[in-house]
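Structural features, examined
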Amino acid sequence: GDHRDLHLSLRRQRQMCIRDRITVDTQKKTAVVHDGSDIGGFELQRARWEHVTTNQQLVCGVKFLIDSSAGPLSLTMPYEQAGVVPHVGDIIEVADCKGTWALNNVTLTTNNSTIKFLNQFGNQDHEFILDVAGMYLQFIWDGTNWRILM
């Protein structure tokens with residue numbers, strides 16, 4: 001009895017070590033919690049905002065101060081074909097840090113024709129133009145679309 005209980009206990013500890021851990025994603029500069037219920041784990045949201053001045057792909061769980069004072073920008077929302085990223089409920093926050101979106105628009109796109117932006121009225125498009133100065137928006141992944149929260 002004691003030997004079997006010890007074996008089961010050691011096996012459970014090994015499973016927990018693999019499943020219950022925290023890693024660091026050096027590209028996104030965030031911690032990732034692996035709980036065994038979701039492939040790839042869950043990213044912890046950073047408290048600091050990232051300053052964006054060039055065209056690039058955005059990442060989930062990060063807040064972006066988008067500066068279009070030097071000219072229009074084109075940003076791509078995250079998506080991997082395997083469906084690992086984003087997770088349902090992942091959020092991306094963006095803000096116009098220089099008040100220049102009306103002058104130099106920021107174009108958000110998806111890199112997959114089936115993924116769209118969805119607003120509160122049910123309108124969908126694969127492109128979303130940020131063209132109002134001083135705006136702050138959130139985009140939340142619902143498993144199919146990026147829902148726009150204003």
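Residues numbered from 1 in each chain as written. Predicted model: local features only at pLDDT ≥ 70, side-chain atom pairs only at ≥ 80, totals over all residues. Heavy atoms only, no water.

Summarising the element assignment, Glu93 is placed in strand 8 (residues 91-96). Side chain to side chain, Glu93 and Tyr136 meet in a polar contact 2.3 Å long. (Helix = DSSP H or I, 4+ residues; strand = E, 2+ residues; numbered from the N terminus. Polar contact = N/O pair within 3.5 Å; in protein donor to acceptor, adjacent residues only side chain to side chain.)

A sheet is described by the order of its strands in space; here four strands give the open sequence 5-7-9-12, paired in mixed fashion. Here the strands that pair on one side only, and so sit at the sheet edges, are strand 5 (56-57) and strand 12 (127-130). (Pairing = 2+ DSSP bridges.)

As a further point, take the pairing of strand 8. For strand 8, a buried count of five out of six residues is recorded, marking the element as mostly surrounded by other parts of the structure. Sheet topology note: the strand 6 (residues 63-66)/strand 8 ladder contains four bridges and is parallel. Note that in strand 8 the partner of Ile66 across the bridge is Asp96. Sheet topology places strand 8 next to strand 13 (residues 136-141); five bridges connect them, and they run antiparallel. When the sheet's bridge partners are listed, Val94 is paired in strand 13 with Leu137. (Buried < 20%, exposed > 50% of the residue type's maximum accessible area, 1.4 Å probe, protein only.)

This paragraph deals with the sheet that holds strand 10 (residues 117-118). The sheet built from seven strands is open, its strands ordered 4-6-8-13-14-10-11 with mixed pairing. Two strands close off the open sheet at either side, each with one partner strand: strand 4 (49-52) and strand 11 (124-125).

Moving on, we come to the pattern of salt bridges. All chains considered together, the criterion is met by one salt bridge. Residue Arg147 pairs with Asp142 through a salt bridge whose shortest N-O separation is 3.0 Å. The partly exposed category is assigned to Asp142, whose relative accessible area is 26%. (Salt bridge = Lys/Arg side-chain N within 4 Å of Asp/Glu carboxyl O.)

If you trace the backbone, Pro72 turns up in the loop between strand 6 and strand 7 (73-76). Sequence separation between Pro72 and Asn105 is 33 residues, and the spatial gap between their C-alpha atoms is 5.1 Å. Excluding anything up to four places from it in sequence, Pro72 contacts Asn55, Asn104 and Asn105. (Contact = heavy atoms within 4.5 Å.)

What follows deals with the pairing of strand 7. Of the two faces of strand 7, the one holding Leu73 and Leu75 is buried and the one holding Ser74 and Thr76 is not buried anywhere. The pairing of strand 5 with strand 7 spans two bridges and is classified as parallel. Residue Gln56 lies in a different strand from strand 7, and its bridge partner there is Leu75. The pairing of strand 7 with strand 9 (residues 106-109) spans four bridges and is classified as parallel. Following the sheet pairing, Leu75 is matched in strand 9 by Leu108.

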